[in-house]
Amino acid sequence: MTGTPGSDGHIAVVGASLAGLRAAEQLRAAGHTGPITVFGAEPYAPYNRPPLSKEVLAGPGDHDAERLHAQVAFRMRSSVADVTFRLGAAVAAADLARGRLTLADGREAGFDGLVAATGLRPRRLPLPGPQAGRHALRTLDDCLALRAALGPGTRVVVAGAGFVGCEVAATALRLGCQVTVVEPAAEPMLAVLGPELGRAVRRHHEAAGVRFVTGRLTAAVHGRDRVRAVELDDGTTLEADVLIEAVGSVPNTEWLAGNGLDLSDGVLCDNALRAGERLVAAGDVARFPNPLFDDRPRRVEHWSIPGDTAKRAAATLTALLAGRAPDPAPFAPVPSFWSDQLDLRLQSFGSPALAEEARLEEGDPARLGEGVLATYHREGRHVGTVAVNLPPARQRELRAAFTRPLLTLTRNP
Ligand SMILES: Cc1cc2nc3c(=O)[nH]c(=O)nc-3n(C[C@H](O)[C@H](O)[C@H](O)COP(=O)(O)OP(=O)(O)OC[C@H]3O[C@@H](n4cnc5c(N)ncnc54)[C@H](O)[C@@H]3O)c2cc1C
């Protein structure tokens, strides 16, 4: 409990994944005593997505959704024992002025305060042609469908060499597939890693057997009843049994339309994560300014962000419902993510994607597996760090070293 008075209205949390679950926990921690209902479009209780491109996808191909869900489900803390989870209950619309939600099945529900935690869905390639054999990966059901399609000798084309595309390529290779990754940029994960580390990661994948076609777009999908080939924008044709579309994500915000909000890229919030009079947002869908970097609002798609934003959003909403002003202290979470690809663990702190310059600090990119450290800079300021295969203790040190000067910055803006 915070020691300040809590609130007691009805709070609806829309989205039953990491951000939604953490929001419910943090509302209780912030002293909210009223009812909380979490609405989730998926039929599953909140579960962890990172294993879906890694160990769960690489697993033996268990088709039992419940058993797989049990492997990745989040532990339900006692603080949310009295929270109502309405699963398989997509919210179609919200009326902020009236405090009403309309569900996809037409039922309605009221609220006094609202948390938007609806995350993202995969962007799909706008290409006609057969649908069978085309996959994207966000949910447990997506993972089950993709796992069933992969096996020794399966010819897989991955469109997009971002983090999810590279992880899936590595996992498909491990399952014995023949894997080609098609990427319009010059190197995989270029925007985050920069050219030198991006090239090194590509070479590491290539040495393991993943083929890369860079500087090319996926232009057409061929096949009568199912995917047989993928054509690139230079006319090259790649034979394929499976096309995995890993070309970015789209924020799930349509249900908030009509309320005068800025939904142009997620839910625009202030630094306290307030998006409206009684609306806050958390997780991948929230776009907020982070004073660690500048005052431009951005969304951040890393696992660390739902926890940090849920805590702040819950405190803000509890204060608003109790008639208090939100905490004026700057909200400045340090983004961090990890990615497992082949025998590599990439770990990032800060926002390397904002940098103008990447500096290789330690290690030899030709021997990534032995450990490499790069730092990223903008206008002379260190804005991000990427470590590859450095031991956990060293990673903790790097995180602390990165965070310390930033904390001073937010205390003395
Ligand atoms: C395959 C994969 C691998 C990843 N690996 C890593 C990793 O290695 N490291 C890392 O840092 N991050 C990783 N991430 C990112 C991380 O999982 C996300 O940052 C995190 O899941 C975001 O949580 P969220 O709750 O904000 O959104 P989401 O997890 O997207 O959850 C949003 C939920 O809201 C529901 N919803 C949407 N619209 C509605 C509606 N209208 N009504 C009701 N419910 C709705 C959705 O069905 C979904 O369940 C990975 C993501 C994926 C997909």
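Structure's up top.
One structure accompanies this document, and this report is about it. Because the structure is a prediction, the values reported are computed rather than measured.

### Thoughts on the pattern of salt bridges
Counted by the stated rule, this structure contains 33 salt bridges. Across the pair Asp294 and Arg298 runs a salt bridge, and its minimum N-O distance is 2.9 Å. Take Asp294: its relative accessible area is 22%, and that puts it in the partly exposed class. A salt bridge links Arg359 to Glu357; the nearest nitrogen and oxygen atoms lie 3.1 Å apart. What makes Arg359 partly exposed here is its relative accessible area of 34%. Assessed through its relative accessible area of 37%, Glu357 is described here as partly exposed. A cluster of three or more residues bridged by salt bridges with shared partners is formed by Glu187, Arg199, Arg202 and Glu206.

### Regarding the site of the ligand
Close to the ligand lie 33 residues; Ser17, Glu42, Arg49, Lys54 and Arg138 are nearest. One of the side-chain N or O atoms of Lys54 is found 2.6 Å from an oxygen atom in the ligand. Val91 places a polar main-chain atom, nitrogen or oxygen, 2.9 Å from a nitrogen atom of the ligand. Isolated, the ligand exposes 1,000 Å² of accessible area, and the fraction of that covered by the protein chains is 93%.

### Digging into the layout of surface pockets
Any empty space left between the atoms is revealed when a probe the size of a water molecule rolls over them. As a volume, the second largest pocket reaches approximately 440 Å³. For the second largest pocket, the lining is made up of 20 residues, of which Gln26, Lys311, Arg312, Ala315 and Asp327 are closest to its centre. Residue assignment for the lining of the second largest pocket shows that the elements contributing at least two residues are α1 (18–29) and α7 (304–321). When residues of the lining of the second largest pocket are assigned to their parent elements, the largest contribution, 7 residues, is made by α7. Of the residues assigned to the lining of the second largest pocket, the class counts are 10 nonpolar, 5 polar and 5 charged.

Criteria and cut-off values
Residues numbered from 1 in each chain as written. Predicted model: local features only at pLDDT ≥ 70, side-chain atom pairs only at ≥ 80, totals over all residues. Heavy atoms only, no water. Salt bridge = Lys/Arg side-chain N within 4 Å of Asp/Glu carboxyl O. Buried < 20%, exposed > 50% of the residue type's maximum accessible area, 1.4 Å probe, protein only. Near = heavy atom within 4 Å. Polar contact = N/O pair within 3.5 Å; in protein donor to acceptor, adjacent residues only side chain to side chain. Areas by Shrake-Rupley, 256 points an atom, 1.4 Å probe, with all protein chains shown as cover. 1 Å grid on protein atoms, 1.4 Å probe; cavity = no way out; pocket = protein on both sides within 12 Å on 5 of 7 lines; lining within 4 Å. Points joined across faces, edges and corners; volume = space filled by probe spheres on them. Helix = DSSP H or I, 4+ residues; strand = E, 2+ residues; numbered from the N terminus. Nonpolar A, V, L, I, M, F, W, Y, C, P; charged D, E, K, R; others polar.

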